[in-house]
Amino acid sequence: MLTAIAGLATLIIGTIFKLLLFGTVLFGIGSFAAARMRRRDRRAFQMDTAPVHPNVQRHYDTVVAIVPLNAQSRSKRATIVPVY
């Protein structure tokens, strides 16, 4: 009698474990497939890249910084001017 109860408990626990394992594997496959589809949709839409204009050429390839015009004419260093 005790052996039958132990066997039945083992069967139930094993079945629950196998269902949880099967569910985890299915969830992993579903997450992987959803990520691939999301990535494919994002690449197809390409919102994060600039549009390509085939007949327009760039004038320069490097980024040009904004330099103030009066920075070169200043000969002395900036000093603290007291305000009374």
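Criteria and cut-off values
- Residues numbered from 1 in each chain as written.
- Predicted model: local features only at pLDDT ≥ 70, side-chain atom pairs only at ≥ 80, totals over all residues.
- Heavy atoms only, no water.
- Helix = DSSP H or I, 4+ residues; strand = E, 2+ residues; numbered from the N terminus.
- Buried < 20%, exposed > 50% of the residue type's maximum accessible area, 1.4 Å probe, protein only.
- Areas by Shrake-Rupley, 256 points an atom, 1.4 Å probe, with all protein chains shown as cover.
- Patch = residues over 30% accessible without salt bridge, like charges linked within 9 Å, V, L, I, M, F, W, Y side chains within 5 Å.
- Salt bridge = Lys/Arg side-chain N within 4 Å of Asp/Glu carboxyl O.
- Lys, Arg positive; Asp, Glu negative; His and termini not counted.
- Charge placed at Lys NZ, Arg CZ, Asp CG, Glu CD.

Draft legend 1. Structural context of the overall build of the protein. Across its full length, the protein holds one helix and zero strands. Sorting the 84 residues of the protein into buried and exposed places 0% on the buried side. Accessible surface, the protein as shown: approximately 9200 Å² in total, 67% of it carbon and sulfur.

Draft legend 2. Structural context of a nonpolar patch on the surface. A cluster of nonpolar side chains, L8, L11, I12, I16 and L20, forms an exposed patch at the surface whose accessible area comes to about 510 Å². Relative to the elements of secondary structure, L20 occurs in helix α1 (residues 2-45).

Draft legend 3. Inspection of a positive patch on the surface at higher detail. A cluster of basic residues, R36, R38, R39, R40, R42 and R43, forms a positive patch at the surface. With respect to the helices and strands, R42 occurs in helix α1. Of the residues examined, R42 reaches a relative accessible area of 53% and is grouped as exposed.

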